[in-house]
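Chain by chain, the residues:
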Amino acid sequence: MAKLVAVQPQHHLPSSFSDFNGTRLHASIQYKRKVWQPKGALRVTASSNKKILIMGGTRFIGVFLSRQLVKEGHQVTLFTRGKAPITQQLPGESDKDFADFSSKILHLKGDRKDFDFVKSSLAAEGFDVVYDINGREADEVAPILDALPNLQQYIYCSSAGVYLKSDYLPHCETDAVDPKSRHKGKLETESLLASSGVNWTSLRPVYIYGPLNYNPVEEWFFHRLKAGRPIPIPNSGMQITQLGHVKDLATAFIQVLGNEKASKQVFNISGDKYVTFDGLAKACAKAAGFPEPEIIHFNPKEFDFGKKKAFPFRDQHFFASVDKAKSVLGWKPEFDLVEGLADSYNLDFGRGTFRKEADFTTDDMILGKSLVLQT
């Protein structure tokens, strides 16, 4: 029988994080800018205490969501394989707050693909609510539903990537979806939830950014800004996209909990405004205190990058309306883009931590061709 285990605090970032070599960069020292003040303080909202299971929870979204849930007084269990520390002290988090959080988090170790274990261990615990942060396929969700027949709510992290590419934007929740998208597993999961009879809610983020981001979104730009390199951007750079801060996403996850208006509903979650690729490069520089970068536009069709990605965003317009979440839930993003990027930089990259080492291989290919064309 699986046992819930109380978590011992880990007063360090995960070992998979990398540090800059040499002196750490503090942009406020090199360039003048406003003194940074952290935002996104954890807010407590009124709701009855629940026995909550988070599938995942040790990376990015779950790190911030679990803190909000514990702050509200819920009993929170993280279901993970146990390969990463269950808790980590966040930059700027006091020892007292971290110790208090760590003492209240429970851990259920297992592999969600071991369906028999999932059924037996979850059935023994009888959770009220499931937050599924890392689910990718519908067959990973069915055993959870089978194990918890009295589940009050299943809250799912989907993706705006499920929408069918369209000339009519922004994407709304009623737009056509693409059954062949690389996020088809999430789309199939939403269909399973809708047909299961369970009370469910699904959030569809666009691009998520913020401290501890394991996807190379803002980090891709910060690496190049720190190195003083030009920013290579495909085609015109006027492609419009959208980013949402992880803390605003965590807040949305909290606001759908036990909310009748969120029952069997899908909500797009992201930032209030849209931004061009060129604008994003400039926003990253402004947020981190770097000079405005040199931008090099390139035609991707002229290069063979192999399996490497030359740019971290899909080369198209891609953004969604968050009006439904604002009107139905009363949710609204706290961060504008530059503030959010500053929060990410100051709590993460600017402290010398990042997920992936800088790789300028494709940049050098682009810049090499650009120099030849200029001569």
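Given the structure is predicted, the values throughout are model-derived calculations rather than measurements.

1. Remarks on the overall build of the chain
Right, on to step 1. What the chain contains, in helices and strands, is 12 helices and 16 strands.
Right, on to step 2. Within the span of the chain, comprising 375 residues, buried residues form 54% of the whole.
Right, on to step 3. For the chain, long-range pairs separated by at least 24 residues make up 84% of all intrachain contacts whose partners lie at least 6 apart in sequence.

2. Things to note about the nonpolar core
Right, on to step 1. Ile-54, Ile-61, Leu-65, Leu-69, Tyr-131 and Phe-253 are the most contacted members of the largest nonpolar core, which has 38 residues in total.
Right, on to step 2. Contributing elements (two or more residues each) for this core: strand E3 (51-55), helix H2 (61-71), strand E4 (75-80), strand E6 (129-132), strand E7 (153-157), helix H8 (246-256), strand E13 (265-269) and helix H10 (323-329).
Right, on to step 3. Broken down by element, the residue count for this core peaks at 7 residues, all from H8.
Right, on to step 4. Among the nonpolar cores identified, the runner-up in size contains 33 residues, and Tyr-163, Tyr-207, Leu-225 and Ala-285 belong to it.

3. Describing the pairing of E3
Right, on to step 1. Summarising burial for E3: 4 of the 5 residues are buried, a large majority.
Right, on to step 2. Viewed along the sheet, the connection from E3 through H2 into E4 turns out right-handed.
Right, on to step 3. Inspection of the sheet shows E3 paired to E6 by 4 bridges, in the parallel sense. For Ile-52, the partnering residue across the bridge sits in E6 and is Val-129.

4. Description of the pairing of E4
Each regular strand carries side chains that alternate between the two faces of the sheet.
Right, on to step 1. Within E4, 5 of the 6 residues are buried, leaving the element largely enclosed by the surrounding structure.
Right, on to step 2. With 5 bridges connecting them, E3 and E4 associate as parallel partners. By the bridge assignment, Lys-51 is partnered in E4 with Gln-75.
Right, on to step 3. Bridging between E4 and strand E5 (residues 105-109) involves 5 bridges; their strand directions are parallel. Within E5, the position partnered with Leu-78 by the bridge is His-107.

5. So, helix H3 (residues 95-104)
Right, on to step 1. Those residues of H3 not exposed but buried are Phe-98, Phe-101 and Ser-102. With its buried residues spanning 95 degrees around the axis, H3 presents them on a single face. Turned more than 90 degrees away from the buried face of H3, the exposed residues are Lys-96 and Ser-103.

6. Structural notes on the packing of aromatic side chains
Right, on to step 1. As enumerated under the stated definition, the model contains 21 aromatic pairs in all.
Right, on to step 2. Between Trp-220 and Phe-311 the ring centres are 5.2 Å apart and the planes differ by 80 degrees, which places this aromatic pair in the edge-to-face class. With a gap of 91 residues between them, Trp-220 in helix H7 (residues 218-226) and Phe-311 in the loop between strand E15 (295-298) and H10 connect regions that are remote in the sequence. When sorted by exposure, Trp-220 lands in the same class as Phe-311, which is buried.

7. Let's talk about the packing of helix H9 (residues 277-288) against helix H11 (residues 337-347)
Right, on to step 1. Between H9 and H11, whose axes approach to 8 Å, the crossing angle comes to 55 degrees. With respect to each other, H9 and H11 are oriented oblique. The two elements H9 and H11 cross, and the hand of that crossing is right-handed. When H9 is examined against H11, the residues Leu-280, Ala-283, Cys-284, Lys-286, Ala-287 and Ala-288 are found in contact with a partner set consisting of Leu-337, Val-338, Leu-341, Ala-342 and Tyr-345.
Right, on to step 2. Grouping the constituent residues of the contact of H9 with H11 by class yields 10 nonpolar, no polar and 1 charged.

8. Observations regarding the confidence of the model for the chain
Right, on to step 1. On average, the chain scores 89 in pLDDT, and the residues at 70 or more come to 86%.
Right, on to step 2. Low confidence marks residues 11-37, where pLDDT is under 50. Its contacts with residues over four positions away, or in another chain, come to 53 contacts.
Right, on to step 3. Overall, residues 41-46 carries pLDDT values under 50, and its contacts beyond four positions in sequence, including any with other chains, amount to 12 contacts.

9. Some words on the side chain of His-223
Right, on to step 1. The topology assignment puts His-223 in helix H7.
Right, on to step 2. At 2.8 Å, the side chain of His-223 and the backbone oxygen of Lys-356 are in polar contact.

10. A short note on unusual backbone geometry
Right, on to step 1. In the segment running from Leu-169 into Pro-170, the intervening peptide bond is cis, with an omega of 5 degrees.
Right, on to step 2. By the element assignment, Pro-170 lies in the loop between E7 and helix H6 (184-196).
Right, on to step 3. For Phe-60, which is not glycine, the phi torsion reads 50 degrees and is therefore positive.
Right, on to step 4. Looking at the element boundaries, Phe-60 is found in the loop between E3 and H2.
Right, on to step 5. Look at Asn-235: it is not a glycine, yet its phi comes out positive at around 55 degrees.
Right, on to step 6. Along the chain, Asn-235 falls in the loop between strand E10 (231-234) and strand E11 (240-241).

11. Quick look at H7
Working note: α-helix, 3.6 residues per turn, so residues spaced by three or four point in the same direction.
Right, on to step 1. Counting buried positions over the 9 residues of H7 gives 8, a clear majority of the element.
Right, on to step 2. Residues Glu-218, Glu-219, Trp-220, Phe-221, Phe-222, His-223, Arg-224 and Leu-225 constitute the buried set of H7.
Right, on to step 3. Downstream of H7 by one or two residues, Gly-228 has phi in the positive range, about 70 degrees.

Criteria and cut-off values
Along each chain, the written sequence defines residue order, and numbers are assigned to residues from 1. Per-residue local features of the predicted model are confined to residues with pLDDT of at least 70, and side-chain atom pairs are confined, for both listing and counting, to 80 or more; whole-chain, interface and lining totals are unaffected and use all residues. Neither water nor hydrogens contribute to the side-chain values; these are computed over all heavy atoms in the structure. In this description a helix means any DSSP run of H or I spanning at least four residues, a strand means any run of E spanning at least two, and both kinds are numbered starting from the N terminus. Three labels apply to residues, based on accessible area from a 1.4 Å probe with only protein chains included: buried if under 20% of the type maximum, exposed if over 50%, partly exposed otherwise in between. Whether two residues touch is decided by their heavy atoms; if any such pair falls within 4.5 Å, the residues are in contact. Residues enter a nonpolar core if they are buried and are Ala, Val, Leu, Ile, Met, Phe, Trp, Tyr or Cys, with the set joined through side-chain atoms within 4.5 Å. Look down the strands so they point away from you; if going from the first strand over the helix to the second traces a clockwise path, that crossover is right-handed. Strands qualify as paired when DSSP identifies two bridges or more between them. Starting at the helix axis, one direction is taken to each C-beta atom, and the arc is that of these directions. Ring pairs are drawn from Phe, Tyr and Trp, using the six-membered ring of Trp, whenever the two centres fall within 6.5 Å, and their geometry is named by plane angle: stacked under 30 degrees, edge-to-face over 60, tilted for the rest. A fitted line through C-alpha atoms serves as each axis, taken over the contacting stretch for helices, and the angle formed by two N-to-C directions is quoted from 0 to 180°. Any angle from 65 to 115 degrees is called roughly perpendicular, while one under 35 is roughly parallel, one over 145 is roughly antiparallel, and all others are oblique. Each crossing gets its hand from how the near helix is turned against the far one by less than a right angle, where anticlockwise is left-handed and clockwise is right-handed. Polar here means any residue other than Ala, Val, Leu, Ile, Met, Phe, Trp, Tyr, Cys and Pro, which are nonpolar, and Asp, Glu, Lys and Arg, which are charged; Gly is therefore polar. Confidence scores labelled pLDDT are given residue by residue by the predictor and lie between 0 and 100. In protein, a polar contact requires one atom able to donate a hydrogen and another able to accept it; more generally it is a pair of N or O atoms within 3.5 Å, and residues adjacent in sequence count only if both atoms are side-chain atoms.

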